[in-house]
Amino acid sequence: MDEKDVRKVKEKAGQYLDAQVELLREFSKVDCESKDVEGNRRVVDMAEEMLSQIEGIDIKETFFEGTGAHIVARIKPENPNGKIVINCHLDTVFPKGFTEKYPPFVDDDNWLHGLGTGDCKGGFAVSAYAVKIASELGILPNKEIVMIYSCDEEIGSITSREVFEKEAAGAECAYVFEGAVKKDGTYGIVSERRGVILGALDIKGVEAHAGGAYLQGHSAIKELAHKILKYYSFNDYDREIYYNVAPISGGRPNGVVAGDAHMEFCVAGLPTNDSFAEAEANIRSLAEHNEDPVCETTVEYRTLFPALERTEAGSRACAIGTKAGEMLGLKVEEAFEPTATDANWFCYFGVPAVDALGPVCTGIHTTEEKVYIPSIREMTELFAVMLGLMDREDR
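We now turn to the structure provided with this report. What you see is a predicted model; the values in this text were computed from it and never measured. (Residues numbered from 1 in each chain as written. Predicted model: local features only at pLDDT ≥ 70, side-chain atom pairs only at ≥ 80, totals over all residues. Heavy atoms only, no water.)

## Observations concerning the side chain of asparagine 344
For clarity, the cut-off: Only runs of H or I of at least four residues qualify as helices and only runs of E of at least two qualify as strands under DSSP, and these elements are numbered from the N terminus. Any pair of N or O atoms that falls within 3.5 Å is considered a polar contact. Within protein, one atom must be able to donate a hydrogen and the other to accept it, and sequence-neighbouring residues count only if both atoms are side-chain atoms. Every residue pair with non-hydrogen atoms within 4.5 Å of one another is taken to be in contact.
Among the structural elements, asparagine 344 can be located in helix 9 (residues 343-348). Among the polar contacts made by the side chain of asparagine 344, one reaches the main-chain carbonyl oxygen of arginine 194 at a distance of 3.0 Å. When sequence neighbours within four positions are dropped, the list of residues in contact with asparagine 344 reads Arg193, Arg194, Gly195, Phe305, Pro306, Ala307 and Leu308.

Following this line, the structure appears as structure tokens:
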């Protein structure tokens, strides 16, 4: 790529910005919480209409009952020199009716307000239009490009991870388009994120009248209190690994010794996939000993997201972003973020991954969600130039 190519990318991105904003407006009018199959269908149709504008693209869907359809769009040259994956999700955390209560609008500071615009429809607008621009300018890399737009990231990618695992085979890098990390005028491309475990613990005690037969009872809530204190003792503040309990429940009226108790929990901030074994051992230990031996404890847990570990290949992908930023007059650096995304799953399946290639957004998961419109253009330009540099980096 040369300066002339960069100028053309900027021109194209300027031409398409209004279309991107309008697409995000329309997306944010659709309720599409995870597992809302009807809402998922509507946003998938909108996304596929846009993707169909890209020359040579093959669009397919993988459908899972109860969650919806994942889009797998593919551009495959005749003799590709490698394969990359592009990813973001199309589901939100907002139940039916919320989009009607919180319609999209643009404020005086050039922010587009709208549910799901930042997390993660903005990532779709950036990634899809960047590929479209690179295709139209003839600067796509000679690689198979697989674009995966999933529908269940907000609930831990319970079905999309199957699609990720399948498409990860042979991929040299996954580029994930969660919202941008921008601090002090510098965009951060994220090459490292932490993992998360979710779980639940149940205790069965013995009910008894709290006055007339108190000593015959064995309180599940009292046992739960011991479990909670033990659980919090696992916190490792030096390594920023955090154990949290919420919510809790148990028992019947206060005149009855509690015969049952329940807690849910998470472990956040797991730095490597090896660190999961330590956390899982801590969790299992909760069921190995009871203060009251009559009580029975069962515990279940699952990986919500594995860790995204920093790799040399991931750092090289970030370096392409830094170089593209220099050509565009943007400052771009490799970055770390503690929160988890689907980039973590690609790492788990053996593919180096980098993230935060979407636009600048704030208020995600709240009704104040918004995207900074100028950053839509900047991040579209950035990834389009990154695509143009990928073959050059191979040489």
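Next comes the rest of the account.
## As for the packing of helix 2 (residues 37-51) against helix 4 (residues 117-136)
The criterion, for reference: Axis definition: a line fit to C-alpha positions, over the contact stretch in the case of helices; interaxial angles, taken between N-to-C directions, run 0 to 180 degrees. Each angle gets one of four labels, with under 35 degrees taken as roughly parallel, over 145 as roughly antiparallel, 65 to 115 as roughly perpendicular, and the rest as oblique. If you view the pair so one helix is near and one far, a crossing is left-handed when the near helix is turned anticlockwise from the far one by less than a right angle, and right-handed when it is turned clockwise. Under the scheme applied, nonpolar residues are Ala, Val, Leu, Ile, Met, Phe, Trp, Tyr, Cys and Pro; charged residues are Asp, Glu, Lys and Arg; polar residues are all the others, including Gly.
Look at helix 2 against helix 4: their axes get within 10 Å of each other, and the N-to-C directions meet at 20 degrees. One way to sum up the angle between helix 2 and helix 4 is to call them roughly parallel. Crossing of helix 2 over helix 4 shows right-handed handedness. Only Lys121, Phe124, Ala128, Tyr129 and Lys132 of helix 4 make contact with helix 2, whose side of the interface consists of Val43, Ala47, Met50 and Leu51. Residues of the contact of helix 2 with helix 4, tallied by class, amount to 7 nonpolar, no polar and 2 charged.

## Some words on the layout of surface pockets
We count it as follows: Residues are said to line a cavity or pocket when one of their atoms sits within 4 Å of a point; the points come from a 1 Å grid over protein atoms alone, cavities being sets where a 1.4 Å probe fits but cannot get out and pockets being open sets with protein on both sides within 12 Å along at least five of seven lines. Grid points are joined across faces, edges and corners, and a volume is the space filled by probe spheres set on the points.
Looking at the largest pocket, its volume works out to about 520 Å³. Taken together, 24 residues line the largest pocket, and the ones lying closest to its centre are Asp119, Glu178, Thr339, Ala340 and Ile364. Among the secondary structure elements, those contributing two or more residues to the lining of the largest pocket are strand 15 (296-305) and strand 18 (361-362). Residue classes in the lining of the largest pocket are distributed as 10 nonpolar, 8 polar and 6 charged.

## Side note on the environment of glutamate 153
We apply this condition: Type-normalised accessible area, obtained with a 1.4 Å probe on protein chains alone, sets the label of each residue: buried when under 20%, exposed when over 50%, and partly exposed for intermediate values.
Secondary-structure assignment places glutamate 153 in the loop between strand 6 (144-150) and helix 5 (160-168). We classify glutamate 153 as buried; its relative accessible area is 5%. Considered as a pair, glutamate 153 and phenylalanine 305 are 152 residues apart in the sequence and their alpha carbons are 9.7 Å apart. For glutamate 153, the contacting residues outside a window of four places in its chain are His89, Asp91, Glu178, Phe305, Ala340, Thr341 and Asp342.

## Some thoughts on the sheet that holds strand 14 (residues 260-270)
What counts, and what does not: At least two DSSP bridges between two strands are required for those strands to pair.
With antiparallel pairing, the 4 strands of this open sheet are ordered in space as 12-14-10-15. The open sheet terminates on both sides in strands that have one partner only, identified here as strand 12 (242-250) and strand 15. Here the strands of the sheet are splayed against their neighbours by 15 degrees on average, with no regard to which way each runs. Relative to strand 14, strand 10 (residues 195-204) runs antiparallel, the two being bridged by 10 bridges. Paired with isoleucine 203 across the two strands is alanine 261, which belongs to strand 14. Contacting strand 10, strand 12, strand 14 and strand 15, helix 6 (residues 220-232) runs over the sheet at an angle of about 10 degrees to strand 14. Along the sheet, helix 7 (residues 275-285) makes contact with strand 10, strand 12, strand 14 and strand 15, crossing strand 15 at roughly 160 degrees.

## Digging into the nonpolar core
Buried together is how nonpolar side chains tend to be arranged in soluble globular proteins. Short version of the rule: The definition of a nonpolar core used throughout is a set of buried Ala, Val, Leu, Ile, Met, Phe, Trp, Tyr and Cys residues joined through side-chain atoms within 4.5 Å.
Leu51, Phe124, Met147, Tyr149, Tyr175 and Phe383 are the most contacted members of the largest nonpolar core, which has 72 residues in total. When residues in this core are grouped by element, the largest group, 11 residues, is from helix 10 (residues 373-394). Look past the residues within four positions of tyrosine 175 in its chain and what remains in contact with it is Ile84, Val85, Ile86, Asn87, Ala317, Ile320, Val354, Leu357, Phe383, Met386 and Met390.

## A closer look at helix 1 (residues 3-27)
To keep it simple, the criterion reads: For a helix, the expected span equals 1.5 Å multiplied by the number of residues minus one. In this analysis the local bend is the angle between axes fitted, respectively, to the seven residues ending at and the seven residues starting at the residue.
Its 25 residues place the ends of helix 1 34 Å apart at the C-alpha level, agreeing with the 36 Å of an ideal helix rising 1.5 Å per residue. Of all bends in helix 1, the biggest is about 40 degrees, found at tyrosine 16. Along helix 1, the residues classified as buried are Val6, Val9, Ala13, Tyr16, Leu17, Gln20, Val21, Leu23, Leu24 and Phe27. A distance of 3.1 Å separates the backbone nitrogen of lysine 4 from a side-chain oxygen at the start of helix 1, and that oxygen is part of aspartate 2.

## What about the sheet that holds strand 16 (residues 331-336)?
As summarised here, the arrangement of the 3 strands in space is 8-9-16, forming an open sheet in which the pairing is mixed. Every interior strand has two partners, whereas the edge strands, strand 8 (181-183) and strand 16, have only one. The mean inter-strand angle of the sheet, taken between neighbouring strand axes irrespective of direction, is 40 degrees. In terms of strand pairing, strand 8 meets strand 9 (residues 186-192) through 3 bridges, oriented antiparallel. In the sheet register, valine 181 faces strand 9, and the bridge partner there is glycine 188. Of the strands in this sheet, strand 9 and strand 16 are in contact with helix 8 (residues 312-328), which crosses strand 16 at around 155 degrees.

## Points about the packing of helix 1 against helix 4
Helix 4 packs onto helix 1 with a crossing angle of 145 degrees between their chain directions and a minimal axis gap of 10 Å. Where helix 1 crosses over helix 4, the handedness of that crossing is right-handed. For the pair helix 1 and helix 4, contact is made by Val9, Lys12, Ala13, Tyr16, Ala19, Gln20, Leu23, Leu24 and Phe27 and by Thr117, Lys121, Gly122, Phe124, Ala125, Val126, Tyr129, Lys132, Ile133 and Glu136, respectively. Split into classes, the residues belonging to the contact of helix 1 with helix 4 amount to 12 nonpolar, 3 polar and 4 charged.

## Considering the side chain of aspartate 31
Worth spelling out the cut-off: Counted as positive: Lys and Arg. Counted as negative: Asp and Glu. His and the chain ends are not counted at all. Salt bridges, as used here, are contacts in which a Lys or Arg side-chain nitrogen is within 4 Å of a carboxyl oxygen on Asp or Glu.
Note that aspartate 31 resides in the loop between helix 1 and helix 2. Comment: no salt bridge for buried aspartate 31; closest opposite-charge side chain is lysine 96, at 5.9 Å. One polar contact links the side chain of aspartate 31 to the main-chain amide nitrogen of glycine 97, over a distance of 2.8 Å. When near neighbours in sequence (up to four residues on either side) are disregarded, aspartate 31 contacts Asp36, Gly39, Pro95, Lys96, Gly97, Phe98 and Thr99.

## Let's talk about the packing of aromatic side chains
Our working definition: Only Phe, Tyr and Trp rings take part, Trp by its six-membered ring, and two of them pair if their centres are within 6.5 Å. Stacked means planes under 30 degrees apart, edge-to-face means over 60, and tilted covers everything else.
As enumerated under the stated definition, the model contains 18 aromatic pairs in all. Here phenylalanine 164 and phenylalanine 346 contribute two aromatic rings whose centre-to-centre distance is 4.6 Å and whose plane-to-plane angle is 40 degrees, an arrangement assigned as tilted. Highlighted residues: phenylalanine 164 in helix 5 and phenylalanine 346 in helix 9, separated in sequence by 182 residues. Aromatic side chains phenylalanine 177 and phenylalanine 383 sit 4.9 Å apart centroid to centroid with 90 degrees between the ring planes, which places their arrangement in the edge-to-face category. Of this pair, phenylalanine 177 sits in the loop between strand 7 (173-176) and strand 8 while phenylalanine 383 sits in helix 10; the two residues are 206 residues apart in sequence, bridging distant segments of the chain. Pair check on accessibility: phenylalanine 177 and phenylalanine 383 agree, each one buried.

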